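The lines below spell out each chain.
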Amino acid sequence: MTSRQYGRVMQAEIHEQPQVITNLLAAERDRVWDFAAKWRAHPPRGIFIAARGTSDHAALYAKYVFETMNGIPVGLMAPSVATIYQAKVDVRDYLVIGISQSGEAADVIAALELANRAGGETLAITNVGNSPLAQAAQQTLELHAEPEVAVAATKTFTTTMAALLLLSAAMGDNAALYAELARVPELIADVLTQEATLRAQIAQFRYMQECVVLGRGYNMAVAYELALKLRETCYIRSQPFASPDFVHGPIAILAEGFPVIAFANDGPSLPSVLDVLRKTKARGADTIVIGNASEALHEADIALPVNQGQAVPEIISPFPAIVAGQLLAQGLSVLKGINPDKPRGLRKVTITR
């Protein structure tokens, strides 16, 4: 394979996202509304989510969604509690969700099996409907993202977030929230029409070796996800932080020209993100802003606008924002002479226990 062919698979899968999310909603909307009826009548006492890697970042998004939209506390379950410590956990009246794109994550499967034995209700979210994870769960929500070939997950990340938002809407019988979710394919498609403009900015990052990625609230999950994409496809030492956490110590790493990437979208979390962004600029950092918040984009050294001028509720803003981030990671990887479809030392399916 020549360097000109690098990243073609990842790029194609980024472009599939409007269609696969549309497919997910068409296939699962009514079914999820039906099986969520019992949780509308008797909401679970809490939700635990077991996941790894990119799926764990989608789980972080779900934590904010279920707590703000449904009023249900969410914990991110440590799969090693089941696999290494073989502990007994009382999950009666809890919903335990296991997320694995391949459905083969042994530790996530073990977490669902533990929950089944302990009297919890279990749900698998996976791209493979007949996978071991699906077989371990009482109910399955399939992503319908079609096979994902590139090692770096893109379309399965956004479809997992969409599946979790769909579940939240169904559990709350929230037609207005579902209507916002239904806008996501269009918002992502709009970002993809701006690909050439976004890529024109990428050359400025060619020699970047380290950075921090900031977000807050619903957008904290995509800060974690972009940092992972930059590590796995560009080999950049990228660290994610919730923007308030960054000023509680980590800001000391900043020096003149240190790259700080921030997700900044209109919504309740924006003032906090703006405050931290200004603090980083005052220390001489180079600031890169991804999002739709005009004030933050104006503050940035490099602005990557997403869906500007459109009314985008903060809860769905992570979808188009991370697509811009995916394009950044894919394009930068190719510019560095790295094939993001097959990063060194990585496999598509990683089995941990």
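An account of the accompanying structure is given in this report.

Here the focus is the overall build of the protein. A count of helices and strands for the protein gives 16 helices and ten strands. If one aligns the C-alpha atoms of the protein with their principal axes, the spans along those axes are about 55 × 45 × 40 Å. Out of the 353 residues in the protein, the part that is buried amounts to 57%. For the protein, the share of sequence-separated contacts (at least 6 apart) that also reach a separation of at least 24 residues comes to 76%. For the protein, the computed accessible surface area is about 14,100 Å², with 50% contributed by carbon and sulfur atoms. Separation of charge centres in the protein, based on 30 positive and 34 negative side chains, amounts to 6 Å.

On to the sheet that holds strand β5 (residues 139–142). The strand order across the open sheet formed by five strands is β2-β1-β3-β4-β5, and the pairing between neighbours is parallel. Two strands close off the open sheet at either side, each with one partner strand: β2 (74–77) and β5. The sheet shows a mean angle of 20° between the axes of neighbouring strands, direction not considered. Across five bridges, the pairing between strand β3 (residues 94–99) and strand β4 (residues 121–126) is parallel. By the bridge assignment for β4, L95 is matched with E121.

Turning to the pattern of salt bridges, a few remarks are in order. Per the stated rule, a full pass over the model turns up 15 salt bridges. Notably, a salt bridge pairs K63 with E67, separated by 2.9 Å at the nearest N-O pair. With K63 and E67 both in helix α4 (residues 53–70) and four residues apart, the pair spans about one turn of that helix. In this structure E67 comes out as partly exposed when scored by relative accessible area, which is 33%. Taking the shortest distance from any N to any O, the salt bridge between K229 and E232 comes out at 2.7 Å. Remark: E232 and K229 occur in helix α12 (residues 220–234); sequence separation between them is three residues, near one turn of the helix. This pair shows no difference in class: K229 is buried, exactly as E232 is. In this structure, a network of salt bridges that share partners links the residues E225, K229 and E232.

Time to look at the sheet that holds strand β10 (residues 302–305). Read across the sheet, five strands follow the order β7-β6-β8-β9-β10 without closing on themselves; strand pairing throughout is parallel. Each having just a single partner strand, β7 (237–242) and β10 make up the two edges of the open sheet. Neighbouring strand axes in the sheet, compared pairwise and without regard to direction, differ in orientation by 20° on average. Taken strand by strand, α12 contacts β6 (210–215), β7, β8 (259–263) and β9 (286–291), and its axis lies near 175° from that of β7. This element, helix α14 (residues 270–282), spans β6, β8 and β9 of the sheet and lies at about 155° to β9.

Mapping N307 onto the fold places it in the loop between β10 and α16 (318–335). The class of N307 is buried, set by a relative accessible area of 5%. Setting aside its immediate chain neighbours within four residues, N307 contacts L187, D190, V191, N292, V312 and P320.

Attention shifts here to the packing of helix α1 (residues 8–15) against α16. With their axes 10 Å apart at the nearest point, α1 and α16 run at an angle of 170° to one another. One way to sum up the angle between α1 and α16 is to call them roughly antiparallel. Together, M10, Q11 and I14 of α1 and V323, Q326, L327 and Q330 of α16 make up the contact between the two elements. Residues that form the contact of α1 with α16 fall into these classes: four nonpolar, three polar and no charged.

The rules behind these values
Residues numbered from 1 in each chain as written. Predicted model: local features only at pLDDT ≥ 70, side-chain atom pairs only at ≥ 80, totals over all residues. Heavy atoms only, no water. Helix = DSSP H or I, 4+ residues; strand = E, 2+ residues; numbered from the N terminus. Buried < 20%, exposed > 50% of the residue type's maximum accessible area, 1.4 Å probe, protein only. Contact = heavy atoms within 4.5 Å. Areas by Shrake-Rupley, 256 points an atom, 1.4 Å probe, with all protein chains shown as cover. Lys, Arg positive; Asp, Glu negative; His and termini not counted. Charge placed at Lys NZ, Arg CZ, Asp CG, Glu CD. Pairing = 2+ DSSP bridges. Axes fitted to C-alpha atoms, helices over the stretch in contact; angles between N-to-C directions. Salt bridge = Lys/Arg side-chain N within 4 Å of Asp/Glu carboxyl O. Parallel < 35°, antiparallel > 145°, perpendicular 65-115°, else oblique. Nonpolar A, V, L, I, M, F, W, Y, C, P; charged D, E, K, R; others polar.

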